[in-house]
Amino acid sequence: MRAWEVYDGVLAVRDVPDVAARPGESVVTVSQAGVCGSDLPKLRAPRSFDLPQRWRPGHEIVGTVAGGTLVAVDPLVPCGLCEACPDGRTHLCAGLRRIGWDLPGGLAEQVVAPVGNLHSIAPEDASVAVLADPMAVAIHGLRCSGLGRPGRLAVVGAGTVGLLTAAYGASIGWDVTVVYRGTGLNERAASVDARLVSLGEATTSTPYDVVVDAASGSSPAPLALALELVRDGGAVVVQNAYHPGVRLETPLRDVFRRSVRLVGSFSFCRRGGNDFGLALAALASSGAFFGPLLVGVGGLEALESTVDRAEERRRLVVHLRRDRATGG
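Read on for a plain summary of the structure.

1. A look at helix H3 (residues 160-171)
For H3, built from 12 residues, the straight-helix expectation of 16 Å at 1.5 Å per residue is met to within 8% by its first-to-last C-alpha distance of 17 Å. Within H3, burial applies to Val161, Gly162, Leu163, Leu164, Thr165, Ala166, Ala167, Tyr168 and Gly169.

2. Some details on helix H2 (residues 132-143)
The first and last C-alpha atoms of H2 sit 15 Å apart over 12 residues, in line with the 16 Å expected at 1.5 Å per residue. Across the 12 residues of H2, 11 count as buried, placing the element largely inside the fold. When we look at burial in H2, the residues that qualify are Ala132, Asp133, Pro134, Met135, Ala136, Val137, Ala138, Ile139, His140, Gly141 and Leu142.

3. Focus: the packing of aromatic side chains
Tallied over the full model, the rule gives two aromatic pairs. Judged by centre distance (6.0 Å) and plane angle (70°), the ring pair of Trp55 and Trp101 falls under edge-to-face. Of this pair, Trp55 sits in strand E4 (residues 54-55) while Trp101 sits in the loop between strand E8 (97-98) and strand E9 (110-114), placing them 46 residues apart in sequence. Taking relative accessible area as the criterion, Trp55 reaches 0% and is therefore assigned buried. The aromatic ring of Phe49 is capped on one face by Lys42, whose charged end is 5.3 Å from the ring centroid. Arg152 extends its terminal NZ or CZ atom over the ring of Tyr208, reaching a point 4.3 Å from the ring centre.

4. Structural notes on the pairing of strand E12 (residues 175-180)
Extensive coverage of E12 is indicated by the burial of five of its six residues. One ladder, built from five bridges, connects strand E11 (residues 152-156) with E12; its direction is parallel. Bridging across to E12, Val156 finds its partner in Val179. On the question of chirality, the crossover connecting E11 to the parallel E12 by way of H3 is right-handed.

5. Some remarks on the side chain of Arg56
Along the chain, Arg56 turns up in the loop between E4 and strand E5 (60-64). For Arg56, a relative accessible area of 15% corresponds to the buried category. Here Glu5 takes part through its side chain, which lies 3.4 Å from a polar atom of the side chain of Arg56. Once residues within four sequence positions are removed from consideration, Arg56 is found in contact with Met1, Ala3, Trp4, Glu5, Val16, Pro17, Gly100, Leu103, Pro104 and Gly105.

6. Here's the deal with the sheet that holds strand E6 (residues 70-73)
Judged by pairing direction, the sheet is antiparallel, and its five strands sit side by side in the order E9-E3-E5-E6-E10 without closing on themselves. Each having just a single partner strand, E9 and strand E10 (118-120) make up the two edges of the open sheet. Neighbour to neighbour, the strand axes of the sheet diverge by 45° on average, direction disregarded. Looking at chain direction, strand E3 (residues 25-34) and E9 are connected through five bridges and run antiparallel. Across the sheet, residue Glu25 finds its bridge partner in E9, namely Pro114.

7. A word on the pattern of salt bridges
Overall, the coordinates contain 11 salt bridges when judged by the stated rule. Across the pair Arg54 and Glu5 runs a salt bridge, and its minimum N-O distance is 3.0 Å. One end of the pair, Arg54, is in strand E4; the other, Glu5, is in strand E1 (residues 2-7), and 49 residues separate them in sequence. Its relative accessible area of 2% is what places Glu5 among the buried residues. With its nearest N and O atoms 3.1 Å apart, the salt bridge here joins Asp74 to Arg270. On the criterion of sequence distance, the pair formed by Asp74 in the loop between E6 and strand E7 (76-77) and Arg270 in the loop between strand E16 (261-265) and helix H7 (275-285) is long-range, its members being 196 residues apart. Residue Arg270 is classed as partly exposed on the basis of its relative accessible area, which comes to 24%. Through salt bridges with shared partners, a single network forms among Glu5, Arg14, Arg54 and Arg56.

8. As for the sheet that holds strand E2 (residues 10-15)
Pairing in this open sheet of three strands is antiparallel, and the strands run E2-E1-E4 from one edge to the other. Each edge of the sheet is formed by a strand with only one pairing partner; in this case those strands are E2 and E4.

9. With respect to the packing of H2 against H7
Taken N-terminus to C-terminus, the directions of H2 and H7 make an angle of 110°; their axes are 8 Å apart at the nearest point. The angle between H2 and H7 places the two elements in the roughly perpendicular class. For the pair H2 and H7, the sense of crossing is right-handed. Contacts between H2 and H7 involve Ala132, Asp133, Met135, Ala136, Ile139, His140 and Arg143 from the first element and Asp275, Phe276, Leu278, Ala279, Leu280, Ala282 and Leu283 from the second. Per-class residue counts for the contact of H2 with H7 are 10 nonpolar, one polar and three charged.

10. A look at the packing of H2 against H3
Two elements in contact, H2 and H3, have axes separated by 8 Å at closest approach and are oriented at 50°. Taken together, the axis directions place H2 and H3 in an arrangement best described as oblique. Note that H2 runs across H3; the crossing there is right-handed. Residues Pro134, Met135, Val137, Ala138, Ile139, Leu142 and Arg143 of H2 pack against Thr160, Val161, Leu164, Thr165, Tyr168 and Gly169 of H3. Along the lines of polarity and charge, the residues of the contact of H2 with H3 split into nine nonpolar, three polar and one charged.

Rules used in this analysis
- Residues numbered from 1 in each chain as written.
- Predicted model: local features only at pLDDT ≥ 70, side-chain atom pairs only at ≥ 80, totals over all residues.
- Heavy atoms only, no water.
- Helix = DSSP H or I, 4+ residues; strand = E, 2+ residues; numbered from the N terminus.
- Expected span 1.5 Å × (residues − 1).
- Buried < 20%, exposed > 50% of the residue type's maximum accessible area, 1.4 Å probe, protein only.
- Phe/Tyr/Trp six-rings, centres within 6.5 Å; stacked < 30°, edge-to-face > 60°.
- Lys NZ or Arg CZ within 6 Å of the ring centre and 35° of its normal.
- Pairing = 2+ DSSP bridges.
- Right-handed = clockwise from strand over helix to strand, strands pointing away.
- Polar contact = N/O pair within 3.5 Å; in protein donor to acceptor, adjacent residues only side chain to side chain.
- Contact = heavy atoms within 4.5 Å.
- Axes fitted to C-alpha atoms, helices over the stretch in contact; angles between N-to-C directions.
- Salt bridge = Lys/Arg side-chain N within 4 Å of Asp/Glu carboxyl O.
- Parallel < 35°, antiparallel > 145°, perpendicular 65-115°, else oblique.
- Left-handed = near helix turned anticlockwise from the far one by under 90°.
- Nonpolar A, V, L, I, M, F, W, Y, C, P; charged D, E, K, R; others polar.

What follows is the structure, given as structure tokens:
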């Protein structure tokens, strides 16, 4: 079969052996696969990362199994044996493997996944279902962080995870503000029930009960801003992880003197529910709403042009239109 693969630091589409399922697994014939922001640096400069010897990317996967059932693939494969697994804390599994990282990914004609990781979806939900992974990250950050009753929520970052966090937060009762960087109106803007605040305006607003840092990366600036925006006694939720070597310059005394709770929220889990399943349900109920977050491209051979378009998409500023009767 054909698959995109990094071997010896070089990314190329190659002929590779056909995949074969073991007991408890299924072969998924891939119909759609997403390229997310975490993929792009590795696809652009694979030699800069500690990748498996043969790395096949792609963790946002939709396809069909034997019999023609359409499925979305949860990429997290826990060991099932460690202390974290029995109660569904898959994100903390000591032996966690991930499809598209530790295991061959979905930027290929076929991929193998555990049967328990396959979620049936309707054909009309196929395209938007590739957003299930980032939506699960968004849901996990608010669902599993012990934040209490909904109040005033600020989301730092207007990328895909930031927008999905804002949408989910608004849907469960939070009064949401999105703090964005840049100027101008993006033609692919999503309609989310949230306020828009630029970086310059954000620091003059009333403190928030919870601030989600959805912009973690190579600079500590998003977390520093989140700590500035949160009220005394509030919580800051950091989705995913910062790059290695990033250091926070904010004095820790100022953080803990204010009794601010700093919560890490990496990936997603199956504790008290299933973040991935909840994500698919949320996407299915509002597919047209989330469609503007996707950039459609061609077939398997078009990965390089996909990366180019995704890089362009990252540079575009995403704004939100507020739909509340109070205006804005």
